[in-house]
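Here are the chains, one letter per residue:
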Amino acid sequence: MKPINFIFVLLPITIFISIQALFPITENASPHLSYTKEDSLYYETLHDTAMVELIRYDSDFMLDIKYATKDNFTKQVLYDCPRAFLRKKVAKDLLNAHKEFKKLGYRIKIFDGYRPHSVQFKMWDLTPDKRYVGNPYKGSMHNRGCAVDLTLVDNNGKELDMGTPYDFFGEEAHITYNKLPEQVLSNRRVLKQVLEKNGFRALSTEWWHFSYNRNVYNILNIPIPCQQEVREIK
Ligand SMILES: C[C@@H](N)C(=O)N[C@H](C)C(=O)O
Ligand SMILES: [Zn+2]
C-alpha cells in the first residue's frame, strides 16, 4: 500500500475504530436517564414509587421553585431547597412529554413537584379555597408526588405567554376562560394536549397544574432535601 493511502484512508479508519472500542456507543434501555451513567444505572434499580429528582433524568428541565423563595402567594419560604421530585413513574411520563415539547421547540419550566404534607397545611391556612389549594385533610396530589406545576419556555428560556402568572388565583387562570389573545389560548392548548397525551390531567382552575392520572401514591411529609448527593426521597 502506498504511504499516502495509509495516511488518508487506513489511519483515520483505525483511529475511529479505536475510539469506538474505548468509548462504545451503547443502546441505553432508558435514554432519558442522561445525567450521568452512574445515575442511569442507579435509577434503573428504583421502584416506580420512588420519589426521584427530575433533573437527574433530564437536565433540560428548567427549575423555578417558587416555594423555596418568598416569591409565592404565601410570601413565605416553604421549602428548604429549590428542587423538584416526583414519583419515578410520574417522572418518566413527564419526560416523555418533555421530549415532545422539545421537538416543538419548547422546554418545561417546573414551579413545583412533590410538596411535603405540612406545607399543604400552611398553604390551606392562608388560602382555604379548594379551587386553588388542595385540601390537606384529603391531601393534594402534590403531597403524593403525583402533581406538577409547570409552564413552557422557548429556545431562549423565555416563558410562553399563558395569560396570567403562576398561582394567579382568579378566573383568568381557569382553563375554560377564553377571553384571551389567540396566542395565549394556543400556548395553553399545546401545554394541555401534550401532557394529557402522556398521562396527566389538567385542573379546571389552574392552567399550570397537572395531576397524574395513571397511578395515585401515598401522602408523604418528608422535607425537600438540600444535600445534592441525595437523589431520591425515601
Ligand atoms: C397552590 C397551587 N400551586 C396548587 O398546586 N394547587 C392545587 C389545587 C393543589 O394544592 O393541589
Ligand atoms: Zn399544583
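Computed from a prediction, not measured in an experiment: that's the story for all the values here.

(A) Representation of the sheet that holds strand β7 (residues 206-212) within the structure. Strand order in the open sheet formed by five strands is β2-β4-β5-β7-β6, and the pairing between neighbours is mixed. The strands lining the two open edges of the sheet, one partner per strand, are β2 (62-63) and β6 (200-203). As defined by bridge partners, β2 adjoins strand β4 (residues 107-112) across two bridges and the pair is classed as parallel. From the neighbouring strand, methionine 62 faces β4, where its bridge partner is lysine 109. Contacts between helix α4 (residues 88-103) and the sheet are confined to β4, β5 (147-153), β6 and β7, with β4 contributing the most and set at about 140 degrees to the helix.

(B) Up close: the UniProt feature "site: Transition state stabilizer" (unreviewed entry) in the protein. With numbering aligned to this structure, UniProt lists the feature "site: Transition state stabilizer" (unreviewed entry) at Arg115. Take arginine 115: it is sitting in the loop between β4 and α5 (117-126). Judged by relative accessible area, which is 5%, arginine 115 ranks as buried.

(C) How the structure looks around the site of ligand 1. Residues in contact with ligand 1 amount to 16 residues; listed here are only the nearest, Arg115, Tyr132, Gly134, Ser140 and Asp167. Contact distances for ligand 1 include 2.9 Å between a nitrogen atom and a side-chain N or O atom of tyrosine 67. Interatomic distance of 3.4 Å between a side-chain N/O atom of histidine 209 and an oxygen atom of ligand 1. At a threshold of 2 Å from the grid points, most atoms of ligand 1 map onto the largest pocket. If you tally residues by element for the shell around ligand 1, the top one is β7, at three residues. For the shell around ligand 1, the per-class residue count stands at seven nonpolar, five polar and four charged.

(D) Seen up close, the coordination of the zinc ion (ligand 2). Protein coordination at the zinc ion (ligand 2): the donors are His142 (NE2), Asp149 (OD) and His209 (ND1), at 1.9 to 2.0 Å from the metal. Here the zinc ion (ligand 2) binds four donor atoms, and the angle range of 94 to 133 degrees at the metal identifies the geometry as tetrahedral. Read in sequence order, the donor residues for the zinc ion (ligand 2) give the motif H-x6-D-x59-H. For the pair formed by histidine 142 and aspartate 149, the shared burial category is buried.

(E) Fine view of the confidence of the model for the protein. Taken residue by residue, the protein gives an average pLDDT of 88. The fraction at 70 or more is 83%. For the stretch residues 13-34, pLDDT sits under 50, and the model shows 19 contacts to residues farther than four places along the chain or on other chains. As a predicted assembly, this complex carries a pTM of 0.84 together with an ipTM value of 0.99.

(F) Seen up close, unusual backbone geometry. Phi at lysine 75 is positive, roughly 60 degrees, even though this residue is not glycine. Position of lysine 75 among the secondary structure elements: in the loop between β2 and β3 (85-87). If you check the backbone angles, aspartate 167 has positive phi at about 55 degrees while not being a glycine. Assignment of secondary structure puts aspartate 167 in the loop between β5 and α6 (182-197).

(G) Inspection of the pairing of β7 at higher detail. The buried fraction of β7 is high, at seven of seven residues. Note: β5 against β7, three bridges, orientation antiparallel. The residue bridging alanine 147 from the neighbouring strand is serine 211, located in β7. Alignment of β6 against β7, held across four bridges, turns out to be antiparallel.

Rules used in this analysis
Residues numbered from 1 in each chain as written. Chains lettered and ligands numbered in written order. Predicted model: local features only at pLDDT ≥ 70, side-chain atom pairs only at ≥ 80, totals over all residues. Heavy atoms only, no water. Pairing = 2+ DSSP bridges. Helix = DSSP H or I, 4+ residues; strand = E, 2+ residues; numbered from the N terminus. Contact = heavy atoms within 4.5 Å. Axes fitted to C-alpha atoms, helices over the stretch in contact; angles between N-to-C directions. UniProt positions renumbered as here; feature names shortened; annotations may be inferred. Buried < 20%, exposed > 50% of the residue type's maximum accessible area, 1.4 Å probe, protein only. Near = heavy atom within 4 Å. Polar contact = N/O pair within 3.5 Å; in protein donor to acceptor, adjacent residues only side chain to side chain. 1 Å grid on protein atoms, 1.4 Å probe; cavity = no way out; pocket = protein on both sides within 12 Å on 5 of 7 lines; lining within 4 Å. Sits in = over half its atoms within 2 Å of the grid points. Nonpolar A, V, L, I, M, F, W, Y, C, P; charged D, E, K, R; others polar. Donors = N, O, S within 2.8 Å, 3.2 Å for Na, K, Ca; no water. Tetrahedral: all angles 85-135°; square planar, octahedral: opposite > 155°, others 65-115°. pLDDT = per-residue confidence, 0-100.

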